[in-house]
Amino acid sequence: MERLKSKVEEIVLEGYNADYIENNIKKENIDEINIFNDLNYDSIRFIQMVVRIEEAFQIEIPDDLLRMEMFSTIDQINGIVEGILSNCDERREYDGTII
C-alpha cells in the first residue's frame, strides 16, 4: 500500500513545484500537514483533488465522506482511499498491481 500512499501524496501536491515543497514543508511532516492551511487549498481545489483521486483509483467517494475536514491531511486522505478499496467487491489494478 506504500505505492497507493505515494500516489495520494502526488495527487495532493500536484501543481506545487519542488522548491515550494522543499522550502515550506518538512518532508518528515508531509503526511500530517493540513492541506487547507499549509497548502492553501480552497473548495475548488478540494473538489479537483477528489475527482483526481476517484479517477486514479477507480473509486467513488461517498457523499457522506465529502467533507473538507475529513480530507485535511495526506494520512486522512490515504485512510479514506484504503477504506474504500478494502470494501470493494472487485479488485482493481493500480500501477500494475492488483489492490
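This is a predicted model, so every value here is computed, not measured.

(A) Structural view of the overall build of the chain. For the chain, the helix and strand inventory stands at four helices and two strands. Order of helices (α) and strands (β) in the chain, N terminus to C terminus: α-α-α-α-β-β. A burial count over the chain gives 38% of its 99 residues as buried. Sequence separation of at least 24 residues holds for 60% of the intrachain contacts in the chain that already meet a minimum separation of 6. With an accessible surface of roughly 6,100 Å², the chain has 44% of that area assigned to carbon and sulfur atoms.

(B) Here's a closer look at helix α4 (residues 74-86). With 13 residues, α4 extends 18 Å from end C-alpha to end C-alpha; this agrees with the ideal 18 Å at 1.5 Å per step. For α4, every residue scored as buried is listed here: Ile74, Ile77, Asn78, Ile80, Val81, Ile84 and Leu85. For α4, the angular spread of the buried residues around the axis is 160°, confining them to a single face.

(C) Quick peek at the packing of helix α1 (residues 2-13) against α4. As a packed pair, α1 and α4 sit with axes 10 Å apart at the nearest point and diverge in direction by 125°. Put simply, α1 runs oblique to α4. As α1 packs across α4, the resulting crossing turns out to be right-handed. Between α1 and α4, the residues in contact are Leu4, Lys5, Val8, Glu9 and Val12 and Ile74, Asp75, Ile77, Asn78, Val81, Glu82 and Leu85, respectively. Looking at side-chain class alone, the contact of α1 with α4 contains seven nonpolar, one polar and four charged residues.

(D) Quick peek at the packing of α1 against helix α3 (residues 43-57). Following both chains from N to C, one finds α1 and α3 inclined at 145°, their axes separated by 10 Å at the closest point. Considering how the two elements wind past one another, α1 and α3 form a crossing that is right-handed. Residues Leu4, Lys7, Val8, Ile11 and Val12 of α1 form the contact with α3, whose participating residues are Arg45, Met49, Arg52, Ile53, Ala56 and Phe57. Of the residues contributing to the contact of α1 with α3, the split by class is eight nonpolar, no polar and three charged.

(E) Summary view of the nonpolar core. Counting 29 residues, the largest nonpolar core has Val12, Leu39, Met49, Ile53 and Phe57 as the members making the most contacts within it. Where this core is concerned, the elements lending two or more residues are α1, α3 and α4. The element contributing the most residues to this core is α4, with six residues.

(F) Summary view of the packing of aromatic side chains. Scanning all chains against the criterion turns up three aromatic pairs. Judged by centre distance (6.2 Å) and plane angle (85°), the rings of phenylalanine 36 and tyrosine 41 are edge-to-face. Under the relative-accessibility criterion, phenylalanine 36 is labelled buried at 16%. Its relative accessible area of 5% is what places tyrosine 41 among the buried residues. Ring plane angle 55° and centroid distance 6.0 Å describe the contact between phenylalanine 36 and phenylalanine 46, whose orientation is recorded as tilted. Taken together, the residues phenylalanine 36 in the loop between α2 (18-24) and α3 and phenylalanine 46 in helix α3 connect sequence positions ten residues apart. You'll find phenylalanine 36 and phenylalanine 46 in the same group, each marked buried.

The rules behind the values
Residues numbered from 1 in each chain as written. Predicted model: local features only at pLDDT ≥ 70, side-chain atom pairs only at ≥ 80, totals over all residues. Heavy atoms only, no water. Helix = DSSP H or I, 4+ residues; strand = E, 2+ residues; numbered from the N terminus. Buried < 20%, exposed > 50% of the residue type's maximum accessible area, 1.4 Å probe, protein only. Contact = heavy atoms within 4.5 Å. Areas by Shrake-Rupley, 256 points an atom, 1.4 Å probe, with all protein chains shown as cover. Expected span 1.5 Å × (residues − 1). Arc of directions from axis to C-beta. Axes fitted to C-alpha atoms, helices over the stretch in contact; angles between N-to-C directions. Parallel < 35°, antiparallel > 145°, perpendicular 65-115°, else oblique. Left-handed = near helix turned anticlockwise from the far one by under 90°. Nonpolar A, V, L, I, M, F, W, Y, C, P; charged D, E, K, R; others polar. Core = buried A, V, L, I, M, F, W, Y, C linked by side-chain atoms within 4.5 Å. Phe/Tyr/Trp six-rings, centres within 6.5 Å; stacked < 30°, edge-to-face > 60°.

Don't take any of this as a statement about function, it's just geometry.
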